[in-house]
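Here is what each chain is made of, one letter per residue.
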Amino acid sequence: MKPAPFDYAVPRTIAEAVEALGDTGRKAQVLAGGQSLILEMHLQRVRPDLVVDINHIPELDGMRVEGDELRVGALVRHAAFEPATAVPGPLGTLLSKTVVNIAHPPIRSRGTMAGSFGWAHPASEWCAIGVALDATVEVTGPDGARALPAGDYFLGPHRTTRRPQELITAVRLPLLGENTGVSFIEHRRTHFTFAQVAVAAALTVHDGVIADARIGLVNSADRPIRARAAEDSLIGTETGPLPAGPRLPGEHPFARAGRIAATQDAAPLDQPYADAEYKRQAIAVLVGRTLLEAAADQRARLTAREGYHR
Ligand SMILES: Cc1cc2nc3c(=O)[nH]c(=O)nc-3n(C[C@H](O)[C@H](O)[C@H](O)COP(=O)(O)OP(=O)(O)OC[C@H]3O[C@@H](n4cnc5c(N)ncnc54)[C@H](O)[C@@H]3O)c2cc1C
């Protein structure tokens, strides 16, 4: 199949892009990495009148630390997060552990983090991390700039609080402190397909007690979600001796959090090869394992720091 006819604009500034998108007489789509849009246009599931190619706007490129946040410009490709050192601290570890689960290298070399927030697929790894960490989506439209909290941003598959005339200029993620351990585990059918389910976790531990827990669930509802009930069950819990293997005793707090996430937080939809019941079982197991890995990561960071200061 071929795309339906469309006009093509190549703005050089954010202002020019917003002007093109603000032409309300036409249905416009932003072209970033094109790794979702071009496929959808080819299948004619998306038929824009106008494609606004933002790849020639230097202001949208680059990522940098600003205060206690990482600001990721709208042209930063997925692959930029592959080196664990690209971003400081535990956030860098989380992003680099996660990114290798997104599609395959050619897609990662073009697709963008902001594009994932634009596409808003329930199985997007970045979007679940954004929700779990309270990221902010920066947008600019004809009425000016807005900062949209990721927690309220997703309304359903491909539906967000962003207005069609608004351009995502950046995604801002909070940096994670050194007492935080992180992990990401994904379950999928074949190597390069979307996740059946996946879990991101960040555990902040002070003196062996969990002070903060962030759990993001991928493809576990009609949008990326945070497992708040499971998180609440962990606050104030002692991490204690960590079980050695991936199998957790049923009464372990991480196993209990997994069951809570699967039954109280997740609202999975039936899909080919993974019905809702299957996904709930996978979520229960993966949440437990992801928390265990995050706790082990926090311990390893602590040991490395204490060894360094000795
Ligand atoms: C085979 C295959 C496997 C894939 N596997 C995964 C996977 O496992 N996990 C995953 O998360 N993704 C996966 N993807 C999608 C890929 O990660 C895309 O890169 C991502 O969804 C969108 O990023 P993009 O920059 O390519 O956006 P584009 O394709 O250019 O745009 C996607 C949508 O977002 C909008 N958009 C993009 N940028 C902006 C912006 N700055 N402001 C406003 N709107 C914007 C566009 O208008 C469009 O509607 C896969 C894609 C393919 C083809």
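Chains are numbered independently. Their residues run from 1 in the order of the written sequence. The model is predicted, so local features are restricted to residues of pLDDT at least 70 and side-chain atom pairs to those at 80 or more, both for listing and for counting; the totals for chains, interfaces and linings are taken over all residues. Computation of side-chain values covers all heavy atoms of the structure but excludes hydrogens and water.

I keep staring at the overall build of the protein chain and nothing clicks. Help me out?
Of the regular secondary structure elements, the protein chain holds 10 helices and 14 strands. For a compact globule of 310 residues, the expected C-alpha radius of gyration is about 19 Å, and the protein chain comes in at 20 Å, within 12% of that figure. We call two residues in contact when some of their heavy atoms are within 4.5 Å. Taking contacts inside the protein chain between residues at least 6 apart in sequence as the whole, the part at least 24 apart equals 64%. In the form shown here, the protein chain has an accessible surface area of approximately 14,100 Å², with 53% of it arising from carbon and sulfur atoms. His is not counted, nor are the chain ends, whereas Lys and Arg count as positive and Asp and Glu as negative. Here the site of a charge means NZ on Lys, CZ on Arg, CG on Asp, or CD on Glu. Charge separation in the protein chain, taken as the distance between the mean sites of 33 positive and 35 negative side-chain charges, equals 4 Å. For helices the rule is a DSSP run of H or I covering at least 4 residues; for strands it is a run of E covering at least 2, with both sets numbered from the N terminus onward. Atoms considered for the radius of gyration are the C-alpha atoms alone. The globule rule reads 2.2 Å times the number of residues to the power 0.38. Under the convention used here, a 1.4 Å probe and the Shrake-Rupley method define accessible areas, while residue burial counts only the protein chains that appear.

Got a minute to help me understand the nonpolar core in this structure?
Nonpolar side chains in soluble globular proteins tend to be buried together. Of all hydrophobic cores here, the largest spans 55 residues; its most connected members are I54, F81, L95, M113, F117 and W126. Looking at this core element by element, the count peaks at six residues for helix 6 (residues 125-133). Discounting chain neighbours no more than four positions away, the residues touching L95 are L70, F81, V87, M113, W126, I129 and L173. In this text, buried Ala, Val, Leu, Ile, Met, Phe, Trp, Tyr and Cys residues form a nonpolar core when linked through side-chain atoms within 4.5 Å. For every residue, the accessible area (1.4 Å probe, protein chains only) is compared with the maximum for its type, and the residue is labelled buried under 20%, exposed over 50%, or partly exposed between those bounds. Membership of the second largest hydrophobic core comes to 30 residues, among which are A257, A261, A282 and V287.

What am I meant to see in the site of the ligand here?
Only a single heavy atom is needed: when it lies within 4 Å of a molecule or strand, its residue is near that molecule or strand. As a structural note, the neighbourhood of the ligand is formed by 29 residues, with Q29, G34, L37, T112 and E125 the closest of them. Polar contacts, as used here, are pairs of N or O atoms within 3.5 Å; protein pairs need one atom able to donate a hydrogen and one able to accept it. Residues neighboring in sequence count only if both atoms are side-chain atoms. At 2.8 Å, a backbone N or O of I168 approaches a nitrogen atom of the ligand. Relative to its unbound accessible surface of 960 Å², the ligand loses 92% to contact with the protein. Considering every element that reaches the shell around the ligand, the biggest residue donor is helix 5 (residues 113-119), with four residues. Three classes are used, and their members are as follows: Ala, Val, Leu, Ile, Met, Phe, Trp, Tyr, Cys and Pro are nonpolar, Asp, Glu, Lys and Arg are charged, and the others, Gly among them, are polar. Here the shell around the ligand is built from residues that sort into 14 nonpolar, 13 polar and two charged. An automatic or database domain assignment provides the domain bounds reported here. In this structure, the shell around the ligand is formed jointly by two domains, domain 1 (7-53) and domain 2 (58-174), each of which donates at least three residues.

Where do I start with the layout of surface pockets in this structure?
It is the rolling of a water-molecule-sized probe over the atoms that shows where space remains empty. When its volume is computed, the second largest pocket comes out at roughly 250 Å³. Looking at the lining of the second largest pocket residue by residue, the classes come out as six nonpolar, five polar and two charged. Both site types are read off a 1 Å grid over the protein atoms alone. A 1.4 Å probe that fits but cannot get out defines a cavity, while an open set with protein on both sides within 12 Å along at least five of seven lines defines a pocket; lining residues have an atom within 4 Å of a point. Grid points are joined across faces, edges and corners, and a volume is the space filled by probe spheres set on the points.

How do you make sense of the pattern of salt bridges when you look at a structure like this?
Pairs can form between side chains of opposite charge once their charged atoms are near each other. The term salt bridge refers to a side-chain nitrogen of Lys or Arg lying within 4 Å of a carboxyl oxygen of Asp or Glu. All chains considered together, the criterion is met by 18 salt bridges. With a closest N to O distance of 2.9 Å, E166 and R146 form a salt bridge. Taken together, the residues E166 in the loop between strand 9 (159-160) and strand 10 (167-174) and R146 in strand 7 (residues 144-149) connect sequence positions 20 residues apart. Of the residues examined, E166 reaches a relative accessible area of 3% and is grouped as buried. By relative accessible area, which is 26% here, R146 ends up partly exposed. The partner of D297 in a salt bridge is R301, with the nearest N and O atoms 3.0 Å apart. With D297 and R301 both in helix 10 (residues 276-309) and four residues apart, the pair spans about one turn of that helix.

Whenever I open this one, the pairing of strand 6 (residues 136-141) confuses me. Can you help?
The two faces of a sheet get side chains in turn, since along a regular strand they alternate between them. With six of six residues buried, strand 6 lies mostly within the body of the structure. Residues T136, E138 and T140 point to one face of strand 6 and V137, V139 and G141 to the other, with burial holding for every one of them. Pairing analysis gives six bridges linking strand 6 to strand 7, with the strands arranged antiparallel. Paired with T140 across the two strands is A145, which belongs to strand 7. Two strands qualify as a pair provided that DSSP identifies no fewer than 2 bridges between them. Hairpin remark: strand 6 followed by strand 7, antiparallel, with two residues in the connecting loop. As paired elements, strand 6 and strand 10 share five bridges and run antiparallel to each other.

What's the story with the domain arrangement of the protein chain in this structure? I'm lost.
Interface size is commonly expressed as the accessible area that is lost once the parts come together. Splitting the protein chain by domain gives domain 1 (7-53), domain 2 (58-174) and domain 3 (180-309). Using C-alpha coordinates to define each centre, domain 1 is positioned 37 Å away from domain 3.

Looking at this model, I keep getting lost on a nonpolar patch on the surface. Mind explaining?
A surface patch of nonpolar side chains, about 270 Å² in accessible area, is lined by F6, Y8 and V10. Looking at the secondary structure, you find Y8 in strand 1 (residues 7-9). Within the patch definition used here, like charges are joined within 9 Å and nonpolar side chains (Val, Leu, Ile, Met, Phe, Trp, Tyr) within 5 Å, considering only residues with over 30% relative accessible area and no salt bridge.

I keep staring at the environment of V218 and nothing clicks. Help me out?
With respect to the element layout, V218 can be found in strand 13 (residues 209-218). Note on V218: relative accessible area 0%, which makes it buried. It is 5.4 Å that separates the C-alpha atoms of V218 and V197, two residues lying 21 residues apart in sequence. For V218, the residues in contact, after removing those within four places along its chain, are P122, A123, S124, E125, A128, F184, A195, Q196, V197 and A198.

It is not clear to me how the packing of helix 3 (residues 89-99) against helix 6 should be interpreted in this structure. Could you clarify?
Axis angle and axis distance: for two packed helices, these are the angle between their axes and the distance between the axes, and together they describe the pair. With their axes 10 Å apart at the nearest point, helix 3 and helix 6 run at an angle of 155° to one another. When the axis of helix 3 is compared with that of helix 6, the two are roughly antiparallel. Two packed elements cross with a definite hand, and for helix 3 against helix 6 that hand is right-handed. Of helix 6, the residues touching helix 3 (which contributes L91, L94, L95, T98 and V99) are E125, W126, I129 and L133. Counted by class, the contact of helix 3 with helix 6 contains seven nonpolar, one polar and one charged residues. Every axis corresponds to a line fitted to the C-alpha atoms, with the helix fit spanning only the stretch in contact, and the corresponding angles, defined between N-to-C directions, vary from 0 to 180 degrees. These descriptions rest on fixed angle ranges, namely under 35 degrees for roughly parallel, over 145 for roughly antiparallel, 65 to 115 for roughly perpendicular, and the rest for oblique. Each crossing is labelled by how the near helix is turned from the far one, with a counterclockwise turn of less than a right angle marking it left-handed and a clockwise turn marking it right-handed.

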